[in-house]
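Working through the structure, step by step
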Number of protein chains: 2
Amino acid sequence: MGRLVMKFGGTSVANIDRIRNVAQHVKREVDAGHEVAVVVSAMSGKTNELVGWCTDASPMHDAREYDAVVASGEQVTSGLLAIVLQGIGIQARSWQGWQIPIKTSEAHASARILDIDGTEIITRFKERKEVAVIAGFQGINPQTGRITTLGRGGSDTSAVAIAAALRADRCDIYTDVDGVYTTDPRVVPKARRLDKIAFEDMLELASQGAKVLQVRSVELGMVHNMPIFVRSSFDKPEDIDPHGTPPGTLICSEEEIMEMHVVTGIAFSKDEAQISVRQIEDKPGVAAAIFGPLADANINVDMIVQNVSEDGKTTDLTFTVPATDYNRAKDTITSAKAKIGYIRLDTATDVAKVSVIGSGMRSHAGVAAKAFKALAERNINIRAITTSEIKFSVLIDAAYTELAVRTLHTLYGLDQA
Amino acid sequence: MGRLVMKFGGTSVANIDRIRNVAQHVKREVDAGHEVAVVVSAMSGKTNELVGWCTDASPMHDAREYDAVVASGEQVTSGLLAIVLQGIGIQARSWQGWQIPIKTSEAHASARILDIDGTEIITRFKERKEVAVIAGFQGINPQTGRITTLGRGGSDTSAVAIAAALRADRCDIYTDVDGVYTTDPRVVPKARRLDKIAFEDMLELASQGAKVLQVRSVELGMVHNMPIFVRSSFDKPEDIDPHGTPPGTLICSEEEIMEMHVVTGIAFSKDEAQISVRQIEDKPGVAAAIFGPLADANINVDMIVQNVSEDGKTTDLTFTVPATDYNRAKDTITSAKAKIGYIRLDTATDVAKVSVIGSGMRSHAGVAAKAFKALAERNINIRAITTSEIKFSVLIDAAYTELAVRTLHTLYGLDQA
């Protein structure tokens, strides 16, 4: 017997029939003898509707009132799932963030979970065999007693934080995919589902564009060493053997992964734009002059590449921003031209970033070099390179994205047999 | 300067444009120097949608979970109105039942308000000139920390209870009619809007089928002597002089009504069915044998008429039930025939109840007699009569309802000039 947190997203609870399906998944685990807490999102589309009303009510709306409005979506699904569970003979009770309570920071609309009191829920596991159905995405500001929300996608984070607070054995995230793949299977048909992936690799994969899980939920899993199991909500509950190993990907600590590959996966993002600031003075403060104004404009800068200057006097600096921020970023830099003191601005919008990720790189040399050679053989020009301990990224022309991803996928032995 | 509670129903907050209109009403009162708490219902249609989901999830759903689901409707509108108010420069904050808190009984889905702590809201009136936007219809069970709701139409009750707790000067109920009429204006075009009506008369009018206000809200107003002003939410906010006397009806104590009429209004209900139990033994316990099983079947019995028996041995007993319960009521009585020991059952479904209401009847004799004579002159047969201190009702064939109401309306001088 174990303790389990099960998280279901918006499409899994989009209507009463889908909620019935979720209830069958829960019943399977309860019947197998587990203590279960379920974390639910709002019905798909609901949060967008509520956010739309807030924006319509006032474009510059108070985040505290926004939170009160949008948190209602999860309140509805938590109550409905509790009703459905009771209807099939399972003790269940819904919980809103303020009832548990899930205490968060006061950063309304993007609050961080500070503390979760799992006592009452654990007591009810023991005394009543009661399933806790918890509204995801929300908490309470303990200072003001106001509802807070965690920001979009926050239900993943709720689930992992609750799993940690309840000292669960595992947090199951039911999604519309059946696990984490070595890369996007729509681009690389030979992409392989990973049975296990280390937290660190998943963090990079999630940050680099794989949209399976919210990054913060993986961070939390890593901090609390809480295994996260990504699995499909479309699997028929009756087809699953609760004692078997269902299809899915376990995100866990490196130590639990017997057979580590050097490279775990390839991520990519086409929504990139490149800005190269040419011939700036190579002196302290010049990077601050560029990135200060961008930060003030709330533009998220991704890759930053600055070369050692040849002559010790001038250098070039290249960075990427999300394509949607391209125009604003370009304007921001142009406005600050006098202060930065650059000669020319080169920009490109049809660029893509391809990232190769693997904790195994730490102990293996030459991993990146192999990639550069393979890409060169395909005549794919590399515009810029950044590296970290367990990842490297190349910026290339967007037209070559699929070719580059497939090439690297094969190169590192990720193709399925 | 005064303190005001303003209540707006579902049609008044049906969308953001309507909510903007509500905000203008609030702004008018704030600008006039009043301290204002606003009580809102869910957007029209929302509560029905939420209730439908609960029923769909399980026909026999847990009332605690039902309450968690349906209370979300008012949560949304309270947050949205706060946003709109802030957008036009008015300090505002939304309040859910659990935040104030509004403590209720544990009778989920039909809870009664026990206690409201108005301290924080009054403090904010004083210190921040802040408008409180309160979700109607809901509270919290202080024992369990669970959300409760007051039952359909409960926002009227919320508003009056909050007005009492905040020691407000008046509770304004904005509805889709511009006040309380002597009878339904759709039936009697000469119906007159009452400037004032006593709590007792309004209670009878509300109980007897006039659907302007929830009965419990009038009871609460009477208990706390809280004047309730019924007015139209369709009046344009900019057309209203905050210092003048807007169109509407003030429900208040008798003492504040200078010129009392003997009869205040005529109420009627066509959704009635009549059941006459013939030749039952005239002995103790026979009424219990009839009404016990009806109560067990949760059937609401309205009029009860039992005549003094002629021979001291057998008598007839007539009662009415809502037309929707007619079949169930008939079956219930038939099943209990042996125990009741009646000879014959006479029933009628096409019947209507017409009630004449007026506190002035207390001090005026012969009020009912005039009515019986006038109805007889119109050849309207009276099937049964019940009377109370400030009201009498007659049961007639439904076909004569309009004629009877118009006749009595004219008879008691209620027609407008």
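Residues numbered from 1 in each chain as written. Chains lettered and ligands numbered in written order. Predicted model: local features only at pLDDT ≥ 70, side-chain atom pairs only at ≥ 80, totals over all residues. Heavy atoms only, no water.

Taking an unreviewed UniProt entry as the reference, chain A is identified by name as Aspartokinase belonging to Bradyrhizobium septentrionale. According to UniProt, the comment filed for chain A under the heading Sequence similarities (unreviewed entry) is "Belongs to the aspartokinase family." As its UniProt record puts it under Catalytic activity (unreviewed entry), chain A is described as follows: "L-aspartate + ATP = 4-phospho-L-aspartate + ADP". (UniProt positions renumbered as here; feature names shortened; annotations may be inferred.)

1. Here we look at the interface of chain B and chain A
Of the residues lining the interface, 39 residues belong to chain B; the matching set on chain A comes to 39 residues. Together, the buried faces of chain B and chain A total about 3200 Å²; carbon and sulfur atoms form 58% of this surface. On the chain B side of the interface with chain A, the three residues burying the most area are Glu-65, Ile-83 and Arg-146 of chain B, jointly 19% of the side's total. Connecting chain B to chain A are 6 salt bridges. Between Arg-93 of chain B and Glu-65 of chain A there is a salt bridge, with the nearest N and O atoms lying 2.6 Å from each other. Of all elements in the fold, only helix 1 (16-31), helix 2 (46-57), helix 3 (63-70), helix 4 (72-87), strand 3 (92-95) and strand 8 (146-149) of chain B reach the threshold of two or more residues within the side of chain B that touches chain A. Here the side of chain B that touches chain A is built from residues that sort into 20 nonpolar, 10 polar and 9 charged. (Contact = heavy atoms within 4.5 Å. Buried area = accessible area lost by both parts, 1.4 Å probe. Salt bridge = Lys/Arg side-chain N within 4 Å of Asp/Glu carboxyl O. Helix = DSSP H or I, 4+ residues; strand = E, 2+ residues; numbered from the N terminus. Nonpolar A, V, L, I, M, F, W, Y, C, P; charged D, E, K, R; others polar.)

2. Overview of the sheet that holds strand 1 (residues 3-8) of chain B
Adjacent strands of a sheet form backbone hydrogen bonds with each other and so pair up, either parallel or antiparallel. Residue and element names in this part refer to chain B. Across the sheet, which stays open at both edges, the 8 strands sit in the order 3-6-2-1-9-11-12-10 with mixed pairing between neighbours. The two strands at the open ends of the sheet, each matched to only one other strand, are strand 3 and strand 10 (196-198). When the angles between neighbouring strand axes are averaged without regard to direction, this sheet yields 20°. Pairing of strand 1 with strand 2 (residues 35-40) involves 6 bridges; the strand directions are parallel. From the neighbouring strand, Leu-4 faces strand 2, where its bridge partner is Val-36. Across the sheet, helix 7 (residues 199-207) is in contact with strand 10, strand 11 (228-232) and strand 12 (249-252); its angle to strand 10 comes to roughly 85°. (Pairing = 2+ DSSP bridges. Axes fitted to C-alpha atoms, helices over the stretch in contact; angles between N-to-C directions.)

3. Some remarks on the packing of helix 6 (residues 154-165) of chain B against helix 8 (residues 215-224) of chain B
Each pair of packed helices gets described by two things: the angle between the helix axes and the distance between those axes. Residue and element names in this part refer to chain B. The interhelical angle for the contact between helix 6 and helix 8, taken along N-to-C directions, is 15°, at an axis separation of 8 Å. Of the possible angle classes, the one that applies to helix 6 and helix 8 is roughly parallel. Of the two possible hands of crossing, helix 6 and helix 8 adopt the one that is left-handed. Residues Asp-156, Thr-157, Val-160, Ala-161 and Ala-164 of helix 6 form the contact with helix 8, whose participating residues are Arg-216, Ser-217, Leu-220, Gly-221 and His-224. For the contact of helix 6 with helix 8, the per-class residue count stands at 4 nonpolar, 4 polar and 2 charged. (Parallel < 35°, antiparallel > 145°, perpendicular 65-115°, else oblique. Left-handed = near helix turned anticlockwise from the far one by under 90°.)

4. Brief notes about the confidence of the model for chain A
Confidence along chain A averages 92 in pLDDT terms, with 99% of residues attaining 70 or more. Two numbers describe this predicted complex: its pTM, 0.86, and its ipTM, 0.83. (pLDDT = per-residue confidence, 0-100.)

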